[in-house]
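A structural walkthrough
Residues per chain, in single letters:
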Amino acid sequence: MLDIMNRQKTMIFFGAHPDDETFGIGATLAQYIAAGVKVYYVCATGGEVGTVDPEYMKGFATIADLRSAEMKCAAQVLGLAGVIYLGYRDSGMPGSGDNKHPDSLAIASIDEVASLIVKIIRELKPDVVVTHDAGGGYGHPDHIATHNAVLKAFYAAADPTQYTAAGPVFQPSKLYFLVRPHGFMKVIVKIMPLFGQNPHQAGRNKDIDLTRMLDTNYPVHAVIRLNKQSLQIRNKAAACHASQGGGRPRQGPFRVFQIIEKLRGQRDYFMRHYPPPTNQRPERDLFEGMK
Ligand SMILES: [Zn+2]
């Protein structure tokens, strides 16, 4: 998959919470790590307002402590080269009071968040940068804030007139957004009522509106076919995030889709933002075309 010449290839995934590195993109990260790529996870918040059943809190003073321990476990299983926290507070679901907490990512200035990201990009010099899509997946304010800050920082990192205190400029080769195929989500939302589930109130806490994922039909420019070993690693990492439902069997329509995916082979999908995509066939490798 990769032609590793003199320098080890580097990828950074910028996500909002401890678990986004596993639940969304974990198998892709594991696959690249197995191929010799250095992969870092930059996590914008500590996941402070994730809901946690009391049984998981044993031995931990705060939810952030618990989630940091879960993150450490997942990082080890995935084989990440490092996990870097930006230090913001989880903003909670859309419309929740946590959005307005003074430390929350949702109200942090994009300039401040981008300055931290620029510093990381200039230091780690990633070839490939990946983050959430513009709609934040299902509209989570932290996913949207992370996307916006990464987009700004991606260009600023290469601009010698910006963030001059953040070290010498660096231009990563590619920027991708993790997306879910529109057709796939359309069917999920349609069949959920057949399983007695409301797509507007999905998830463990019934606070995820999956129909938000249909607001925008993001183009797919890269499709990563996931091998069995990467999927196994992802599932093992998911079990680390036990307080967030990782490792438990999936239910309802997601279970049906899991079976369908198993039969046709599993994939992760990406929209390419930089360099601007052309009309060619979807890439099969996020490092495609690179020297
Ligand atoms: Zn998240």
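Look up a bit, the structure's there.
Since the model is a prediction, treat every value here as computed from it, not as a measurement. (Residues numbered from 1 in each chain as written. Predicted model: local features only at pLDDT ≥ 70, side-chain atom pairs only at ≥ 80, totals over all residues. Heavy atoms only, no water.)

Given a rise of 1.5 Å per residue, 16 residues ought to cover 22 Å, and the 22 Å separating the end C-alpha atoms of helix α3 (residues 63-78) matches this to within 8%. Within α3 the residues assigned to the buried category are L66, R67, E70, M71, A74, A75 and L78. Turning to α3, the residues buried within the fold contact α1 (20-23), α2 (26-34), β2 (38-45), β3 (82-88) and α8 (228-240). The first or second residue beyond α3 is G79, which carries a positive phi of 85°. (Helix = DSSP H or I, 4+ residues; strand = E, 2+ residues; numbered from the N terminus. Expected span 1.5 Å × (residues − 1). Buried < 20%, exposed > 50% of the residue type's maximum accessible area, 1.4 Å probe, protein only. Contact = heavy atoms within 4.5 Å.)

Turning next to α8. Taking 1.5 Å per residue as the helical rise, α8 with its 13 residues ought to reach 18 Å, and the 19 Å between its terminal C-alpha atoms agrees with that figure. Among all positions of α8, only S230, L231, R234, A237, A238 and C240 are buried. Projected down its long axis, α8 carries its buried residues within an arc of 155°, all on one side. When the buried face of α8 is taken as reference, the exposed residues oriented beyond 90 degrees from it are K228, Q232 and K236. For α8, the elements touching its buried residues are α1, α2 and α3. (Arc of directions from axis to C-beta.)

Here we come to unusual backbone geometry. Here the amide bond leading from Y274 into P275 is cis, since omega sits at -10°, within 30 degrees of zero. With respect to the helices and strands, P275 occurs in the segment after β7 (267-274). If you check the backbone angles, D19 has positive phi at about 140° while not being a glycine. Along the chain, the position of D19 falls in the loop between β1 (10-15) and α1. By relative accessible area, D19 is classed as buried at 9%. Its identity as a non-glycine residue notwithstanding, K125 has a phi of 50°, on the positive side. One can find K125 in the loop between α4 (110-124) and β4 (128-132).

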